[in-house]
Amino acid sequence: MATIKNCLVHLASSIQTSHIDAAPAPVDPDKAIRIARFFSYPKQVLYLIASFIALISLCHFIAAAYQYATRKRVYQRTDARTAVSLRRIPAAAADSFRAIAFRWTIPIGASHTLNLAEVGLTVGYIGVLLSWTFVNTTATTGVRVEPHYYANRAGTIAASQLPIMTALGMRNNLISWLTGISFDKLNYLHRMSARVIVILGWVHAAGRISSPSRLLDDEVITNHWVQCGVLAASSLTLLCFLTIRPIRERSYEMFLLIHFVFAFIFVMSIYFHLTGRNLVYYGAWPSMVVWGLDRFLRLVRLLVYNFGYLNPWSSQSSQNLDAAVEVLSPQFLRLTLYRPKHFHWRPGQSVYLSFPSVSTFPFESHPFTIATADDGLESDERKLIFFLRVRGGFTEKLFQEASSDRTYKVFLNGPYSSPPLLVGYQSVVLIAGGSGVAFTLPLFLDLIKRAKSGTHSCQKVFFIWAIRDAAHVKWIADILGPALDDIPPSISVAVKLHITTTPEEEKWEDDSNENDSEEKGGASNSSQTHARILDSPLVKVEHGRPDLKAFMSHETRDATGGISVNVCGTQALVQATREAIRSPRPIDILRGGPTVTLHVEAFGGSVS
């Protein structure tokens, strides 16, 4: 009996032991929740951003369609207003929104401002990313803001933003094509998103470090993929600090070098970091595809529009592409070059020019606005003229080497940017200071050309140019002079030249820092055309800066159709233009008054 009893006890003990050994390890009740949110929350952020871009794109297409639909409408100039029309509520609301959001600004430092739309977009973007990072981070045990909830999620949300950040910094990007906002203006969002990604990257790192006991064996710092994550966050952080506005403006060439080196380090390190968790599809690969597509399109343009330089069977075609450089003054240069007839551009667009014999770095290029309009004629080549402000760096080197006895090999890449669509307006106002005329002049030429050809453009156009000396008109005399001949009665043209002489007034144009004595050959042989322009009844020369507030008040009082205001110049000129039209006028618009749109092309401005 004792033996049987001992056997039963041993059997029971064995069964109990086997149950203990087979018992599963404790299950983390939060793990499934964390993993689900780890993958779903970044997608929700992307869906939200995509929806916002779609909304802006829809508004852009509707506005463009309306402009085309009303491009032939003829408006009456009268200060009489009708009764309030509820049908004009959308127009009044849109105009009031533009006046408040895009024309009221907040100064950032001594030479930069952000409008309220940019501030709101920045706050909204930061708020969305941080909200989706820290929302629902309370563990089932009651621990609030539990690191395992927000740490990995911050990393995946940051990675999901990499393609967007990359696209916003490219010359060719889908966001610009859809929204109509030029790539150079989207560059602010590129820098802003990079800084937010830096914050999320360090939140991701801090959350992992805060609970080292919960790290897996391959998550410690001694692993290469973890080290790559630290390197990625560090390189992007340094890049954000080393490319702030003062550094970019002080030395553009050095900025390009720093940006290239640190961006390359960041992309490579983030790729290997995401490889450690098989998440390269979250940000690394899409970013590389976006970057590669942009570079491919740049290469295609480079080959197509500079093929003469690459054609080994024709030396003459290579010489025809070279640029002639003319010194207008110690502060201004004029470039003239030709490109094949298949090169086309819209008025106000820019291209990137690279001078191998002048540039510091092999692939260095600089953006300049084409100061002429595409005539569309079936000639063998297109003539392009540029006005360059000598500011130091590349332009200073070009000024020092400029000679009328030689030409310079120049590679052109473009055209880029999204100039305003000037159709469907009653009046168009073009305002420039100094070299800003390179942007407003082709817009003016295009409006006049369309009017002469019988294609309705607008009923009235004002060309306002703030310069230091009336003699500067000869810089554009050979371009402007023919346009002022034989103006049809369908359009009213007024050219206003404002000669700024006092230090305060000189802030409105950018040719006032040095003596304007004609050195290095000076400019130009357009004296007769220059005199003819100044004697034209369409041209009025005034001393002092224009009173833009009084001018716009008069125009909005007499107009009933839309008014387009376009400005390119210094920050002081741009700010004065904004102040002249930033007061909302909902009642006047409801009673038949004009809406006003503003396009700023001001050495890094914004669209409004």
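Here is what the cut-offs are and how they apply
- Residues numbered from 1 in each chain as written.
- Predicted model: local features only at pLDDT ≥ 70, side-chain atom pairs only at ≥ 80, totals over all residues.
- Heavy atoms only, no water.
- Helix = DSSP H or I, 4+ residues; strand = E, 2+ residues; numbered from the N terminus.
- Buried < 20%, exposed > 50% of the residue type's maximum accessible area, 1.4 Å probe, protein only.
- Contact = heavy atoms within 4.5 Å.
- Pairing = 2+ DSSP bridges.
- Axes fitted to C-alpha atoms, helices over the stretch in contact; angles between N-to-C directions.
- Salt bridge = Lys/Arg side-chain N within 4 Å of Asp/Glu carboxyl O.
- Core = buried A, V, L, I, M, F, W, Y, C linked by side-chain atoms within 4.5 Å.
- Expected span 1.5 Å × (residues − 1).
- Phe/Tyr/Trp six-rings, centres within 6.5 Å; stacked < 30°, edge-to-face > 60°.
- 1 Å grid on protein atoms, 1.4 Å probe; cavity = no way out; pocket = protein on both sides within 12 Å on 5 of 7 lines; lining within 4 Å.
- Points joined across faces, edges and corners; volume = space filled by probe spheres on them.
- Nonpolar A, V, L, I, M, F, W, Y, C, P; charged D, E, K, R; others polar.
- Left-handed = near helix turned anticlockwise from the far one by under 90°.
- Parallel < 35°, antiparallel > 145°, perpendicular 65-115°, else oblique.
- pLDDT = per-residue confidence, 0-100.
- Right-handed = clockwise from strand over helix to strand, strands pointing away.

Draft legend 1. Examining the overall build of the protein more closely. From N to C terminus, the protein includes 21 helices and 14 strands. The proportion of buried residues among the 608 residues of the protein is 50%. Here the contacts in the protein between residues at least 6 apart in sequence split such that 78% fall between residues at least 24 apart.

Draft legend 2. The sheet that holds strand β8 (residues 411–416), seen in detail. The three strands are arranged β6-β5-β8 in an open sheet whose pairing can be described as antiparallel. Of all strands in the sheet, those bounded by a partner on one side alone are β6 (366–369) and β8. Recorded for the sheet is a direction-independent mean angle of 30 degrees between the axes of neighbouring strands. Of the pairings in the sheet, the one linking strand β5 (residues 350–354) to β6 comprises four bridges and is antiparallel in character. Bridging across to β6, S350 finds its partner in T369.

Draft legend 3. Region of the structure containing the pattern of salt bridges. Following the criterion strictly, the structure yields 14 salt bridges and no others. Residue R334 pairs with D478 through a salt bridge whose shortest N-O separation is 2.7 Å. Of this pair, R334 sits in strand β4 (residues 332–340) while D478 sits in helix α17 (residues 477–483); the two residues are 144 residues apart in sequence, bridging distant segments of the chain. A relative accessible area of 33% places D478 in the partly exposed class. A salt bridge links D374 to R382; its shortest N-O distance comes to 4.0 Å. The exposure classification of D374 matches that of R382, with both residues buried. Through salt bridges with shared partners, one network takes in R81, D95, R98, R585 and D588.

Draft legend 4. Examining the nonpolar core more closely. By size, the foremost hydrophobic cluster in this structure holds 43 residues, and its most contacted members are F387, F444 and V461. Of all the secondary-structure elements, those providing two or more residues to this core are β7 (381–389), β9 (427–433), α16 (437–452), β10 (460–467), α17 and β11 (492–499). F387 has contacts with L328, L333, R334, A371, A438, W475, I476 and I479, leaving out every residue within four places of it along the chain. If you look at the next biggest cluster of nonpolar residues, it comprises 37 residues, including L114, I157, L168 and Y282.

Draft legend 5. Summary view of helix α3 (residues 89–103). Across its 15 residues, α3 extends 21 Å between first and last C-alpha, which sits within 8% of the 21 Å expected from 1.5 Å per residue. Where α3 is buried, its residues contact β1 (105–107), β2 (113–115), α4 (116–134), α20 (571–580), α21 (586–590) and β14 (596–600).

Draft legend 6. Inspection of the packing of aromatic side chains at higher detail. Tallied over the entire structure, the rule returns 16 aromatic pairs. Aromatic pair F134 and Y150: ring centres 5.2 Å apart, planes at 40 degrees, arrangement tilted. Linking F134 in helix α4 with Y150 in helix α5 (residues 147–160), this pair joins segments that are 16 residues apart in sequence. On the accessibility criterion, F134 (34% relative accessible area) is partly exposed. Centre to centre, the rings of F332 and W475 are 5.0 Å apart; their planes meet at 45 degrees, and the pair counts as tilted. With a gap of 143 residues between them, F332 in strand β4 and W475 in the loop between β10 and α17 connect regions that are remote in the sequence.

Draft legend 7. Spotlight on empty space enclosed by the protein. A full pass over the atoms with the stated rule returns one cavity of 30 Å³ or more. Of the volumes computed, that of the largest cavity is approximately 30 Å³. Residue lining of the largest cavity: F332, F387, G434, S435, V437, W465, W475 and I476, and that is the complete set. Across the lining of the largest cavity, the residue classes tally to six nonpolar, two polar and no charged.

Draft legend 8. Looking closely at the sheet that holds β14. The parallel open sheet is built from six strands, whose spatial order is β12-β11-β10-β9-β13-β14. If you trace the sheet from one side to the other, it starts and ends with β12 (539–543) and β14, each paired once. Direction aside, the axes of adjacent strands within the sheet are offset by 15 degrees on average. For β10 and β11, the ladder comprises eight bridges, and the chain directions are parallel. Its bridge partner being in β11, V461 is matched across the sheet by V493.

Draft legend 9. Structural context of the side chain of T336. Topologically, T336 is positioned in strand β4. Residue contacts for T336: discarding those within four places in its chain leaves D322, A323, A324, K383, L384 and I385.

Draft legend 10. Representation of the packing of helix α19 (residues 548–558) against α20. Packing of α19 against α20 brings their axes to within 8 Å, and their N-to-C directions diverge by 40 degrees. Handedness of the crossing formed by α19 with α20: right-handed. Counting all contacts with α19, which are made through L548, K549 and M552, the residues of α20 involved are L573, A576, T577 and A580. Class assignment of the residues belonging to the contact of α19 with α20 gives a composition of five nonpolar, one polar and one charged.

Draft legend 11. Seen up close, the packing of helix α2 (residues 31–69) against α4. It is at 9 Å that the axes of α2 and α4 come closest, and there the two elements cross at 160 degrees. By the criterion of interaxial angle, the relationship of α2 to α4 is roughly antiparallel. The two elements α2 and α4 cross, and the hand of that crossing is right-handed. Listed contacts from α4 to Y41, Q44, V45, L48, I49 and F52 of α2 are L121, Y125, V128, L129 and W132. Along the lines of polarity and charge, the residues of the contact of α2 with α4 split into 10 nonpolar, one polar and no charged.

Draft legend 12. The arrangement of the confidence of the model for the protein in detail. Of the residues in the protein, 87% have a pLDDT of 70 or more, and the chain-wide mean is 85. Low pLDDT, under 50, characterises residues 1–23; the stretch is placed with zero contacts to residues that sit more than four places away or in other chains. pLDDT under 50 marks residues 512–519. Its contacts with residues more than four places away, or in other chains, come to 19 contacts.

Draft legend 13. Representation of the pairing of β11 within the structure. The buried fraction of β11 is high, at seven of eight residues. Taken together, β10, α17 and β11 form a β-α-β motif whose crossover is right-handed. Strand direction decides the pairing type here: β11 and β12, joined by five bridges, are parallel. Within the sheet, the bridge partner assigned to V495 lies in β12 and is V539.

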